[in-house]
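Coordinate analysis (summary)
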Amino acid sequence: MAEEAARAKSVPGYLPGTDMPRFIRDMMEFVGMSEADVAAIRRSAPNVLAHERELTTALYDHFIKFPRSAQFFLKPDGEVDQARLERRKHSLGRWLRETAEAAITQEFSYYLLSAALAHGHRPTAPGAIPQHLMVGAMSLTQSALAGIFAQELGADEAAAASIAWNKLLLVQLSVFMLAYVPPRAVL
Ligand code: HEM
């Protein structure tokens, strides 16, 4: 860790955790997120939010189908912990609502970092959520949203919404990934 920190110091740049708005802004620029994308997210937000419960339920139903993801939602007796699952759906619902606003405020950027740490630095057994499951969960979310847009919007609007949400979700995924690598200066 000390070696890692020394190496990080020799690289010009900043530690993402010390300036999350900048990290997110830079990632948005990198994925080519435009004003038009932000507008497409806001226009499609009502379609997404009308399905909030269905989306969060589908995601967690999916998680409990596979032992590799279900293990994070079990009681000591091996049964699914419904109360915990309900809390998780609630957290995911809040995340979806805030994401739909596409307003990347300072507060939201640190909220995302703290959600990232809740997965990647989870202290209680069975430990951290493996990062590949976070990648998979974003893929599931992208697919579910594309399905809603294809059903409810015209072809052009559906394509614009899918493209814009995909960009934003993967910018968020890059924040989730920060929890899996030692702090490292970036440009
Ligand atoms: C699209 C990807 C995901 C998003 C956006 C997401 C969102 C969230 C949010 C917002 C929280 C609350 C964090 C907090 O309390 O600060 C949370 C907690 C949690 N999530 Fe996720 N999640 C995702 C994927 C997953 C996956 C793949 C799993 C497991 C298979 C998972 C399991 C959990 C658990 C166990 C907690 C509670 C952490 C703790 O023990 O404190 N999440 N999630």
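Conventions used here
- Here the residue numbering is sequential within each chain, running from 1 through the sequence in written order.
- Note on the predicted model: pLDDT of at least 70 is required for a residue's local features to be given, and 80 or more for side-chain atom pairs to be given and counted; whole-chain, interface and lining totals, by contrast, use all residues.
- Numbering of helices and strands runs from the N terminus; a helix is a DSSP stretch of H or I covering at least four residues, while a strand is a stretch of E covering at least two.
- In this scheme every C-beta is placed from the backbone, and a residue whose C-beta has 20 or more other C-beta atoms within 10 Å is buried, one with 12 or fewer is exposed, and one in between is partly exposed.
- Placing a C-beta atom from the backbone of each residue, we mark the residue near a molecule or strand if the atom is within 6 Å of it.
- For this classification, the nonpolar set comprises Ala, Val, Leu, Ile, Met, Phe, Trp, Tyr, Cys and Pro, the charged set comprises Asp, Glu, Lys and Arg, and every other residue, Gly included, is treated as polar.
- The angle between two axes is taken between their N-to-C directions and runs from 0 to 180 degrees, where each axis is a line fitted to C-alpha atoms and a helix contributes only its stretch in contact.
- We call two directions roughly parallel when the angle between them is under 35 degrees, roughly antiparallel when it is over 145, roughly perpendicular when it lies between 65 and 115, and oblique otherwise.
- Crossings are sorted by hand: turned counterclockwise from the far helix by less than a right angle, the near helix makes the crossing left-handed, and turned clockwise it makes it right-handed.
- We call two residues in contact when their backbone-placed C-beta atoms lie within 7 Å.
- Expected span of a helix, by definition, is 1.5 Å for each gap between consecutive residues, and there is one gap fewer than residues.

**Comments concerning the environment of His132**
Of note, His132 is situated in helix H8 (residues 131-152). Residue class for His132 comes out exposed when judged on the 10 C-beta atoms lying within 10 Å of it.

**Side note on the site of the ligand**
Looking at the ligand, there are 19 residues lining it, with Ser69, Ser91, Ala115, Ala118 and Ala137 nearest. Broken down by secondary-structure element, the contributors of at least two residues to the shell around the ligand are helix H6 (82-100), helix H7 (106-120) and H8. Counting residues per element, the shell around the ligand draws most heavily on H8, at five residues. Grouping the constituent residues of the shell around the ligand by class yields 11 nonpolar, six polar and two charged.

**Examining the packing of H7 against helix H9 (residues 155-177)**
Running from N to C, H7 and H9 point in directions that differ by 55 degrees, and their axes come no closer than 8 Å. Judged by the inter-axis angle, H7 sits oblique to H9. Helix-helix and strand crossings are classified by hand; for H7 and H9 the assignment is right-handed. Residues Leu112, Leu113, Ala116 and His119 of H7 touch H9, and the partners they reach there are Gln172, Val175 and Phe176. Residue composition of the contact of H7 with H9, grouped by class: five nonpolar, two polar and no charged.

**Structural notes on H9**
The first and last C-alpha atoms of H9 sit 32 Å apart over 23 residues, in line with the 33 Å expected at 1.5 Å per residue. Listing the buried residues of H9 in full gives Ala158, Ala160, Ala161, Ser162, Ala164, Trp165, Lys167, Leu168, Val171, Gln172, Val175 and Phe176. Buried residues along H9 sit in contact with helix H2 (20-30), helix H3 (35-49), H6, H7 and H8.

**Examining the packing of H2 against H7**
In the contact formed by H2 and H7, the axes pass within 8 Å of each other and the chain directions differ by 90 degrees. Classified by the angle between their axes, H2 and H7 sit roughly perpendicular to one another. Only Gln106, Ser109, Tyr110 and Leu113 of H7 make contact with H2, whose side of the interface consists of Met20, Pro21 and Ile24. Residue composition of the contact of H2 with H7, by class: five nonpolar, two polar and no charged.

**What to know about unusual backbone geometry**
The residue after Ala125, namely Pro126, is reached through a cis peptide bond having omega 0 degrees. Within the secondary structure, Pro126 is located in the loop between H7 and H8. One non-glycine residue, Ala102, adopts positive backbone phi at about 50 degrees. Summarising the element assignment, Ala102 is placed in the loop between H6 and H7. Assessed through the 20 C-beta atoms surrounding it within 10 Å, Ala102 is described here as buried.

From the geometry alone we can't say anything about function, so treat these as descriptive.
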